[in-house]
Amino acid sequence: MVNYLIVTFAVTLIYFASAERLSTYVRLIALHGLLLCGIAVFELKEVNLVNLLFIIAETLFFKAMILPWLLGRIIGRSGVTRVHRQAVPGFYMLLFSIAGLLISVSLARILLNPFINTIYLAIALFTLYTGLLLIVTHQLIISHLIGFLVVENAVFFFSLAVGSEMPMLINIGILLDLFVGALILGFFGLKLKPHTNELTMLKD
Amino acid sequence: MMLLIFFILSILLAGFALLSPGKAITKGIAVVFSASLIALAIHAWINTGSTELSYFTFDGTSVLLLSVLALLTLPTVYHGFIYTRDDTLKRFNIYHSGLIGLMTFMTGAYLANTMTVLWIFVEATTLAVAVLIYHDRTEIALEATWKYIFICSTGIALAYLGILFLGLIYGRGDTPNLSFSSLSQVAAKADPLYLKIAFVFVVVGFSTKMGLFPMHTVTIDAHSVAPPPVSALISTTLMNVGFLGIFRVYSLFASSPVLPFMNSVLMLAGVLSLLIAAGYMLKAKHVKRMLAYSSFENMGLVAIALGIGGQGYYASLLLVILHSLAKSSLFYQMGQLSRILHTFRLDECGKYMKLYPAGGAVLLTGMITILAIPPSGMFIPEFMIFRAMVTGGQWLVLVVSVILLTFVIYAMSTRVMHISFSPPRGEGTPVMSDVVNPAETISQFVLLGLVIAACFYQPPFLVDMISKSIAILPK
């Protein structure tokens, strides 16, 4: 079952790379939250109940509900619905994404370790790659935000992959999520006005 | 025990400062905090090598960097009082509460003896700095704060991935507590591939704080907007936090087979930092951005020094300390420059020596000091770095570094000379509408004096502490 969830997660990442509607991104972020919750429930059998509840609360409420809601508000305020300023066309993004998946799988095989499931490592690397790809190839603040949230999911995914051994590290990863989610989205995300969507005032 | 008292006191003082009913009380709170930080630094010197609260150790490197912070705390608070004197009470309180928070978090990061605690405090510094960069509440401040938080958070997330890879070097069944002492025991026999990946992630992640290539842009933008006393901290003690993160991991892996790889990564990052800094300094149009690029250049040299090894280790730590003193005095001076000239744009600056001789003298002395021109104490570590390059046979790095530093010297000296003696290039002449007391420059002269004194005499306690810090590194 957990493998189906991981593969679904990987498919959403490919969709991320090619999507252009911001509302699609928001739905995908919410879906990521649900999938990560499912993976955590199936995978982390050895952690204690309090830790598990903490992780479920973080994924189900924070990642699948609060973050998409905040993102929706930011998009609603900015009035921007599509990623019209994309440095790379969608077709090439799709190619980059698939290339990234192949590279991630190859890297995961090289990094084979008795601690960690190869499929976890491959998808964690692919998630990181997709997040950075979104940040680098898009120009709108909202796209950068979504790219960052995908990077966050990569961190969470990776910490889940080693989680049975290191529950403390998962909690720290969650703290990162809460910190950044609350601060970036809740405060600065809502403060940024539509005309500051492109940050160009500070330059040499 | 002392550390616990310090942390509790800091939390209380930050809270009181936020809720203070008057500016005088807030000022008193900030001074009390500075005194407690200085007391902690003295305690750290006396108890070097001891561990407190399980997660904090007063080792050589942490004591040195804590001492630099303690040395800068009073001048930073003092210049902060001047910068915020016309602010509303609420904004005044937020500023000083944020400053107390930032210095406390930096203290925690310096003293942390595990990777996870270090990482948590580094993340906390981002929160405190964001409050301070946003102090002026302008659109440009919002943009700078946004960029700072966004890039720092991305960098911190990457550093966290590096820490996760560090956790994987433990054997199955071991409890990965990620303390530096525990890591040093397992690093030597760990899979080199994992060590290399962990090191690259840590360098990229902590480069957001150190202001090193590839995540250097974040600190440059923050500098141009942040209040000058805050810029002084971002450019010195906060950069030292990033340096410490990289230095810790480098020290842990130094006895493993990945040492040559780490050296190559650091030298590459250092040379690219020098290249970008030199390029941007040549076209700099904003005084504070120019100083920010100068910090970037110095951190590049520090990375090269670490990468070269040998004498470079000693030089890197000495350069970090002296750069902190010199650069902070220049940034403190920027507060006065803005009150005299009402701008940071180089085209609109001029005749500063005539308008404010004390400030002009700080600017010129600071320029000589930061460019490591004798009698600057920074000449000593830079000379040691070049000597280490020669003895290490790093001729290409030597030639490239010398050429790039020549560009840096040209760019900075022509611009500082222009500010000091030439009329502004724009229309009109500069008008001094604010009376600035020359006594405000005393702390800046004292700090610059310390850097110059280091050219002639380095006290044995300093040499001894630096030697202790690099004792575990290969000779």
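Described below are features of the structure shown in this document. The shown structure was predicted, so the numbers you read here are calculated from the model rather than taken from an experiment.

Conventions used here
What you see as residue numbers is a count from 1 along each chain, following the sequence as written. Lettering for chains starts from A, numbering for ligands starts from 1, and both go in the order in which the items are written. Side-chain atom pairs in this predicted model are given and counted only at pLDDT of 80 or more, local residue features only at pLDDT of at least 70, and totals for whole chains, interfaces and linings cover all residues. Water and hydrogen atoms were dropped before computing side-chain values, which therefore reflect all heavy atoms in the structure. We call a set of buried residues a nonpolar core when its members are Ala, Val, Leu, Ile, Met, Phe, Trp, Tyr or Cys and they connect through side-chain atoms within 4.5 Å of each other. Buried residues are those whose accessible area, probed at 1.4 Å on protein chains only, stays under 20% of the maximum for their type, while exposed residues exceed 50% and partly exposed ones sit between those limits. It only takes one pair of heavy atoms within 4.5 Å for two residues to be counted as in contact. Strands are runs of DSSP state E lasting at least 2 residues, helices are runs of H or I lasting at least 4, and numbering of each runs from the N terminus. Pairing of aromatic side chains here covers Phe, Tyr and the six-membered ring of Trp, requires ring centres within 6.5 Å, and sorts the geometry by plane angle: under 30 degrees stacked, over 60 edge-to-face, intermediate tilted. By definition here, charges over rings are those cases where NZ of Lys or CZ of Arg is within 6 Å of the ring centre and within 35 degrees of the ring normal. Surface patches are drawn from residues lacking salt bridges whose relative accessible area is over 30%; two like charges belong together within 9 Å, two nonpolar side chains (Val, Leu, Ile, Met, Phe, Trp, Tyr) within 5 Å. Working definition of accessibility: Shrake-Rupley area with a 1.4 Å probe, residue cover restricted to the visible protein chains. Here, a salt bridge means any Lys or Arg side-chain nitrogen found within 4 Å of an Asp or Glu carboxyl oxygen. Whenever a helix is involved, its axis is fitted only over the stretch in contact; in every case the axis is a line through C-alpha atoms, and angles between N-to-C directions fall within 0 to 180 degrees. With the far helix as reference, a near helix turned anticlockwise by less than a right angle produces a left-handed crossing, and one turned clockwise produces a right-handed crossing. Note on residue classes: Ala, Val, Leu, Ile, Met, Phe, Trp, Tyr, Cys and Pro are nonpolar, Asp, Glu, Lys and Arg are charged, and everything else, Gly too, is polar.

1. Some thoughts on the nonpolar core
Part 1 of the reasoning: Judged by nonpolar contacts, the single largest core of 249 residues is most densely connected at M115, F165, F253 and M412 of chain B.
Part 2 of the reasoning: Ignoring any residue separated from it by four or fewer positions in sequence, one finds M115 of chain B in contact with I163, L166, L178, F180, L183, F206 and V249 of chain B.

2. Quick notes on the environment of I220 of chain B
Residue and element names in this part refer to chain B.
Part 1 of the reasoning: By secondary structure assignment, the location of I220 is in helix α9 (residues 217–225).
Part 2 of the reasoning: Relative accessible area serves as the criterion here: at 2%, I220 is assigned to the buried category.
Part 3 of the reasoning: On a C-alpha basis, the gap between I220 and S294 in space is 9.9 Å, while along the polypeptide they are 74 residues apart.
Part 4 of the reasoning: If sequence neighbours within four positions are ignored, I220 has contacts with R289, A292, Y293 and F296.

3. Quick notes on the packing of aromatic side chains
Part 1 of the reasoning: Summed over all chains, the structure comprises 22 aromatic pairs over all chains.
Part 2 of the reasoning: A centroid spacing of 5.0 Å and a plane angle of 40 degrees characterise the contact between F158 of chain A and F165 of chain B, whose relative ring orientation is tilted. Placement of the pair is F158 of chain A in helix α6 (residues 141–161) and F165 of chain B in helix α6 (residues 139–167), with the two residues belonging to separate chains.
Part 3 of the reasoning: Relative to F247 of chain B, the ring of F243 of chain B lies with its centre 5.4 Å away and its plane at 25 degrees, an arrangement referred to as stacked. Taken together, the residues span about one helical turn, with F243 of chain B and F247 of chain B both in helix α11 (residues 237–253) at a distance of 4 residues. The two residues F243 of chain B and F247 of chain B agree in class, both being buried.
Part 4 of the reasoning: Taken together, the aromatic side chains of F6, F7, F33, F56 and F121 of chain B make up a single cluster linked through ring pairs.
Part 5 of the reasoning: Above the face of the F81 of chain B ring, K27 of chain B is positioned so that its terminal group lies 5.5 Å from the ring centre.
Part 6 of the reasoning: Against the face of F261 of chain B rests K196 of chain B, its NZ or CZ located 5.3 Å from the ring centre.

4. Here's the deal with a nonpolar patch on the surface
Part 1 of the reasoning: A contiguous nonpolar surface patch, about 650 Å² in accessible area, is contributed by M1, L4, I5, I8, L12, F16 and L53 of chain B.
Part 2 of the reasoning: Looking at where F16 of chain B falls in the secondary structure, it is placed in helix α1 (residues 2–19).

5. Focus on the pattern of salt bridges
Residue and element names in this part refer to chain B.
Part 1 of the reasoning: As enumerated under the stated definition, the model contains 6 salt bridges over all chains in all.
Part 2 of the reasoning: Of the charged contacts in the structure, one is a salt bridge between D221 and R289, with a shortest N-O distance of 3.0 Å. Pair noted here: D221 is in helix α9 and R289 is in helix α13 (residues 287–308), with a separation of 68 residues, a long-range link.
Part 3 of the reasoning: Its relative accessible area of 6% is what places R289 among the buried residues.
Part 4 of the reasoning: A salt bridge links R339 to E440; its shortest N-O distance comes to 2.8 Å. Linking R339 in helix α14 (residues 311–341) with E440 in the loop between α18 (395–421) and α19 (442–456), this pair joins segments that are 101 residues apart in sequence.
Part 5 of the reasoning: Each member of the salt-bridge network shares a partner with another, and the members are E143, K147, D221 and R289.

6. Overview of unusual backbone geometry
Residues and elements named next belong to chain B.
Part 1 of the reasoning: Omega for the bond connecting P374 with P375 falls within 30 degrees of zero, at 10 degrees, which places this linkage in the cis form.
Part 2 of the reasoning: Position of P375 relative to the elements: it lies in the loop between α16 (357–370) and α17 (379–391).
Part 3 of the reasoning: One non-glycine residue, L53, lies in the positive phi region at around 55 degrees.
Part 4 of the reasoning: Summarising the element assignment, L53 is placed in the loop between β1 (51–52) and β2 (56–57).
Part 5 of the reasoning: Classification of L53 by relative accessible area gives partly exposed; the value is 34%.
Part 6 of the reasoning: Its identity as a non-glycine residue notwithstanding, R137 has a phi of 60 degrees, on the positive side.
Part 7 of the reasoning: Assignment of secondary structure puts R137 in the loop between α5 (115–133) and α6.

7. Regarding the packing of helix α4 (residues 90–110) of chain A against helix α5 (residues 118–137) of chain A
All names here are of chain A.
Part 1 of the reasoning: Here α4 crosses α5 at 145 degrees, and the two axes come no closer than 8 Å. In this structure, α4 crosses over α5, and the sense of that crossing is right-handed. Across from M93, F96, S97, G100, L101, S104, V105, L107, A108 and R109 in α4, the residues of α5 making contact are T118, L121, A122, L125, F126, Y129, L133, L134 and T137.
Part 2 of the reasoning: For the contact of α4 with α5, the residue count by class is 13 nonpolar, 5 polar and 1 charged.

Remember, this is a structural readout, not a statement about activity or role.
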